[in-house]
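Chain residues, written in single-letter form:
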Amino acid sequence: MEITQRKQALEQAHLAMLEKIAAEDANIAKSTFLANMSHEIRTPLTAIIGFSELLLDTSLTMSERIELINTVIQSGKHLMQIINDILDLSKVEADKLDVEELNISPFELLNDVHSLVSLMAENKGLYFNIDYSYPIPELIVTDPVRLKQIIINLCNNAVKFTQQGGVNINVSYQEESKLISIDVIDTGVGLSKEQANRVFSPFTQADASTTRKYGGTGLGLYLSKQLAEKLGGDIKIKSTPDIGSCFTLTVATGDINKDRLLSSEPDIKKIPAQPIINNIKTMVTGNVLLVEDNVNNQRLVTMYLKKLGADVEIANNGKEAIEKAEKNTFDLILMDMQMPVMNGIDATICLREMDYKNPIVALTANAMKEDVDVCYKAGCDDFIQKPISQQSFLLSMTRFLQPVDSLEEAASPLTSSLLIDEPEMIDLVQRFVGKLPHYIENIVESDKNEKWDELRKHIHDMKGTSGNYGFNELYKLMQGIEFELAKENYDGVHIMVSKIDGIYERIQTGLQ
Ligand code: MN
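Description of the structure in this document. Residue indices begin from 1 for each chain and proceed along its sequence in written order. Side-chain atom pairs in this predicted model are given and counted only at pLDDT of 80 or more, local residue features only at pLDDT of at least 70, and totals for whole chains, interfaces and linings cover all residues. Hydrogens and water molecules were not included; the side-chain quantities draw on all heavy atoms of the structure.

A short note on the coordination of the manganese ion
Okay, step 1: The manganese ion binds to the protein through D293 (OD), D336 (OD) and Q338 (O); the donor distances cover 2.1 to 2.2 Å.
Okay, step 2: Coordination partners: N, O, S within 2.8 Å of the metal, 3.2 Å for Na, K and Ca; water not considered, so apparent gaps in a site are possible. In the primary structure, the donors to the manganese ion are separated according to the pattern D-x42-D-x1-Q. Here the residue D293 occupies a position in the loop between β11 (287-291) and α8 (295-308), and Q338 occupies one in the loop between β13 (332-336) and α10 (344-353), the gap between them amounting to 45 residues.
Okay, step 3: Only protein chains enter the accessibility calculation, which uses a 1.4 Å probe; a residue whose area is less than 20% of its type maximum is buried, one above 50% is exposed, and one in between is partly exposed. Taking relative accessible area as the criterion, D293 reaches 32% and is therefore assigned partly exposed.
Okay, step 4: The exposure class of Q338 is exposed, given its relative accessible area of 58%. Secondary structure elements follow DSSP: runs of H or I no shorter than four residues count as helices, runs of E no shorter than two count as strands, and numbering proceeds from the N terminus.

What to know about the environment of N358
Okay, step 1: Inspection of the secondary structure assignment puts N358 in the loop between α10 and β14 (360-364).
Okay, step 2: Accessibility expressed as a relative area gives 24% for N358, which makes it partly exposed.
Okay, step 3: We call two residues in contact whenever any of their non-hydrogen atoms come within 4.5 Å of each other. Among all residues touching N358, those that are not within four sequence positions of it are T329, F330, D331, R352 and D381.
Okay, step 4: N or O atoms within 3.5 Å of each other form a polar contact, as long as, within protein, one can give a hydrogen and the other can take it, and as long as residues adjacent in sequence are counted only when both atoms are side-chain atoms. At 2.6 Å, the side chain of N358 forms a polar contact with the backbone oxygen of F330.

With respect to the pattern of salt bridges
Okay, step 1: When a carboxyl oxygen of Asp or Glu is within 4 Å of a side-chain nitrogen of Lys or Arg, the pair counts as a salt bridge. Counted according to the given criterion, the structure contains 20 salt bridges.
Okay, step 2: The partner of D255 in a salt bridge is K178, with the nearest N and O atoms 3.6 Å apart. In this pair, D255 sits in the loop between β8 (244-252) and β9 (261-262) while K178 sits in the loop between β5 (166-174) and β6 (179-186), placing the two residues 77 residues apart along the sequence.
Okay, step 3: Accessibility expressed as a relative area gives 32% for K178, which makes it partly exposed.
Okay, step 4: It is possible to trace a salt-bridge network through shared partners that takes in K225, D234 and K236.

Below you can see the structure in the form of structure tokens.
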């Protein structure tokens, strides 16, 4: 009897100890998680704050500035990636990650991937190909956003860890198991067996030195595997150190009718690598009500809008927005969603109930499908995701605001500000204008022959003299070209150089 009791007591003690260990393990895991995350977040933040502070140093040259600015942008984007990963991770852990089931073309999806990844590979001097082993289904049922997220993550890794050679994607269809199989094969550093076993656990990249050398959250592969499982498939890895790695992603396709299997690539419109909006030429007109509670966002969006040529009025919350919209009609309302006093959804519903008919575009950091649906249901016409990319902002604005013909402005004559104070300088100014065609010819020639050093010198000289003679438009254009040259954005240089003639004509009419 006593023995049984003792045995029970011992067992209880043993259980209690196991629970305690489990709890401690969970605690350690939690602390490690927080320590890791805090480190991951701090790293890009340090760069953002540090480099921004350095930018205030007046002794920096323009190209040094541009380099710093690019680092700040890159760090910001990296930080955004980390935050997105953490959000996904918390959904995975809470088992709240929902996937959609849509009919999509695997070819179109992979084309998108190609346009995103090929540029990155090209920049590193790597090849990037997609090969199909037919037959491949014309359409599959899956979540396109998540599938693309996984493939891009695998491709990004492949490019990141490859210095020579490149990346190949092989796509095939397994009819019996109804899976589409996507191999991402690189000729990169590769992994040992031990490292390969670890890559799918959260926060552990191949080893700590990998993180130092290549960066990254160490969450990408873990999340990708979880997502692949959610999509009815898996990710497996085969790798040899110094030879390369092959990640095989499988994803369920749903039922595929035999007659929907293709034996060659269908005709789909290829998306250009980067849709470039010519933001120098794009100008709009209209008055915009910006409803936004955060002062920095107010400043940023106002700057974007002013640059485009629109007039801006600001409301700090939904209530103010309604008051302003009662008095005034706006060509466009830009509506932040999360605001004190009255949020964007309530304000939009209220405006639509008041029979306010002009477009309302939501500004929101919540870009999940259900959040977007809520915006549309409330009466928004479009949404722009935060953080705002200038490209998508421009696209949306040109959709809702009236474009301006920039030729109108071209007709107005330009006069030298020098003559306002000292009219007797007219002879000097006239002589300068007389020499302008020669200077302009030099600039146009260097630009045409892509002799950038020569062009840089001509532009610099012209900037100085046009400033001295009080031709501010010309000065500003030269300054702009100088900046584009420093950024090595030669498309921008071409566009701006093509504007010189217009300014010259305006200067000539101004002299008459
Ligand atoms: Mn807000």
